[in-house]
Amino acid sequence: MNQIFFIIVLAVLFTACSSSGKKDTAKTQSELQVKSVNEVALTSYKRHCLACHQRDAGGVPGMYPPLAGNKVVSGDKNALIDIMLNGMSGEIEVDGEKYNGIMASYKNLSDQEIANILNYIRSNFGNSGEVIKPSEIKARR
Ligand code: HEC
């Protein structure tokens, strides 16, 4: 009798442990996914944007505007998408500093890569904005 009880306890313990184990694994996997999406985006940012806008997105005063704490970056999705697809030129003022440079178009990047980069700068450097989907990039091309 005692033995049967012991076996039941073991079985219950085993089920409890294995199901909570599964949950842990699932959580870790989704965390890893979020982490790797961010890492992929950071790699793209470094490759395509860092040279001018800098690692901390602080820009170079008078030459390359900061993307950190930038209203355009946190603002209207389409305006931001258009900058990536069409490039940008003409005088602008950011944080009281004037810029009159030229930024090339990034339309040769995939919808996914553009979305990754834009979501990366929109959710870091003191910015925040609605997530941009690759389909929204496609629609503006
Ligand atoms: C060769 C330098 C250079 C690179 C590389 C570059 N930019 Fe720019 N970017 C500029 C310049 C210069 C401006 C300002 C253009 C102007 O004066 O009208 C600008 C403007 C912007 C703006 C608008 C800022 C505002 O306040 O209106 C955004 C957003 C932006 N860049 C994002 C990016 C992203 C994202 C990347 C990487 C995919 C990138 N830039 C790569 C030079 C660059």
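Our structure is the block above this text.
No experiment lies behind these values; they were computed from the predicted model shown.

Each value, and the rule that gives it
Residues numbered from 1 in each chain as written. Predicted model: local features only at pLDDT ≥ 70, side-chain atom pairs only at ≥ 80, totals over all residues. Near = placed C-beta within 6 Å. Helix = DSSP H or I, 4+ residues; strand = E, 2+ residues; numbered from the N terminus. Nonpolar A, V, L, I, M, F, W, Y, C, P; charged D, E, K, R; others polar. Buried ≥ 20, exposed ≤ 12 C-beta atoms within 10 Å, placed from the backbone. Expected span 1.5 Å × (residues − 1). Arc of directions from axis to C-beta. Contact = placed C-beta atoms within 7 Å.

## Some words on the site of the ligand
(1) Moving on: Surrounding the ligand, one finds 26 residues, the nearest of these being H48, C49, C52, G101 and M103.
(2) Moving on: Elements represented by at least two residues in the shell around the ligand include exactly α2 (50-53), α3 (71-74), α4 (77-86), β1 (88-89), β2 (92-94), β4 (102-103) and α5 (111-122).
(3) Moving on: Top contributing element to the shell around the ligand by residue count: α2, with 3 residues.
(4) Moving on: Here the shell around the ligand is built from residues that sort into 19 nonpolar, 7 polar and no charged.

## Points about the environment of V60
(1) Moving on: In this structure, V60 sits in the loop between α2 and α3.
(2) Moving on: Residue V60 is classed as partly exposed on the basis of its C-beta count, with 14 C-beta atoms lying within 10 Å.
(3) Moving on: Each C-alpha atom of the pair V60 and Y99 lies 9.9 Å from the other, and the pair is 39 residues apart in sequence.

## Remarks on α5
(1) Moving on: Between its terminal C-alpha atoms α5 stretches 16 Å, which fits the 16 Å expected from 12 residues at 1.5 Å a residue.
(2) Moving on: α5 sits mainly inside the fold: 9 of its 12 residues count as buried.
(3) Moving on: Within α5, burial applies to E113, I114, A115, N116, I117, L118, Y120, I121 and R122.

## Observations regarding α4
(1) Moving on: Within α4, burial applies to L80, I81 and M84. The arc enclosing the buried residues of α4, seen along the axis, measures out at 100 degrees, which places them on a common side.
(2) Moving on: Buried residues along α4 sit against α3, α5 and α6 (134-140).
(3) Moving on: G87 lies just past α4 and shows a positive phi near 75 degrees.

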